[in-house]
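Residue-level structural notes
Listed here are the chains, written in short residue letters.
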Amino acid sequence: GKVVAISRTDYSDVASRMGVKFLPYGDMERFICEEDLDVIVLAVSILSFEETVKELAPILTKRLGQSTGSGAKDNATISSSTLPLIVDVLSVKEHPRSVLLQLLPEECD
């Protein structure tokens, strides 16, 4: 499968050596809307987690609108396969779960 990484730090050299596509953090919209990702792994500090999810949520909503052909959330035409599975790797679980459920589109797994 294809692996795409995004970070505030430039890891393009490391990614290239690993055969991974790297995008700078400023390309978050391209990362979400154009890379056709099945899974997004959030590997950020707990201090950055909520802000990262806040930045991610509207772009996921935009992707959802693109996949359904409209900006509206019509549950009759939306399947859970239109948005990627969102996974976090924080050592605590209740805080990230709460943030993900509160901020992400309900169509995300």
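Here goes a summary of the coordinates provided. (Residues numbered from 1 in each chain as written. Predicted model: local features only at pLDDT ≥ 70, side-chain atom pairs only at ≥ 80, totals over all residues. Heavy atoms only, no water.)

**Here's the deal with the pairing of strand 4 (residues 85-88)**
Successive side chains on a regular strand alternate, one facing one side of the sheet and the next facing the other. Here strand 4 shows one buried face, formed by Ile86 and Asp88, and one open face, formed by Leu85 and Val87. Across four bridges, the pairing between strand 3 (residues 39-42) and strand 4 is parallel. Residue pairing for strand 4: Leu42 is matched across the bridge by Asp88. (Buried < 20%, exposed > 50% of the residue type's maximum accessible area, 1.4 Å probe, protein only. Helix = DSSP H or I, 4+ residues; strand = E, 2+ residues; numbered from the N terminus. Pairing = 2+ DSSP bridges.)

**Re a nonpolar patch on the surface**
Judged by side-chain polarity, Val39, Val41, Leu85 and Val89 come together as a nonpolar surface patch covering roughly 320 Å² of accessible area. Topologically, Val39 is positioned in strand 3. (Patch = residues over 30% accessible without salt bridge, like charges linked within 9 Å, V, L, I, M, F, W, Y side chains within 5 Å. Areas by Shrake-Rupley, 256 points an atom, 1.4 Å probe, with all protein chains shown as cover. Salt bridge = Lys/Arg side-chain N within 4 Å of Asp/Glu carboxyl O.)

**Quick notes on helix 4 (residues 94-103)**
The complete set of buried residues in helix 4 reads Pro96, Val99 and Leu100. Burial along helix 4 is one-sided: seen end-on, the buried residues are contained in an arc of 95 degrees. Exposed and facing more than 90 degrees away from the buried side of helix 4 are Glu94, Leu101 and Gln102. (Arc of directions from axis to C-beta.)

**A look at unusual backbone geometry**
Positive phi, normally seen in glycine, also occurs at Asp36, with a value near 50 degrees. Assignment of secondary structure puts Asp36 in the loop between helix 2 (28-33) and strand 3.

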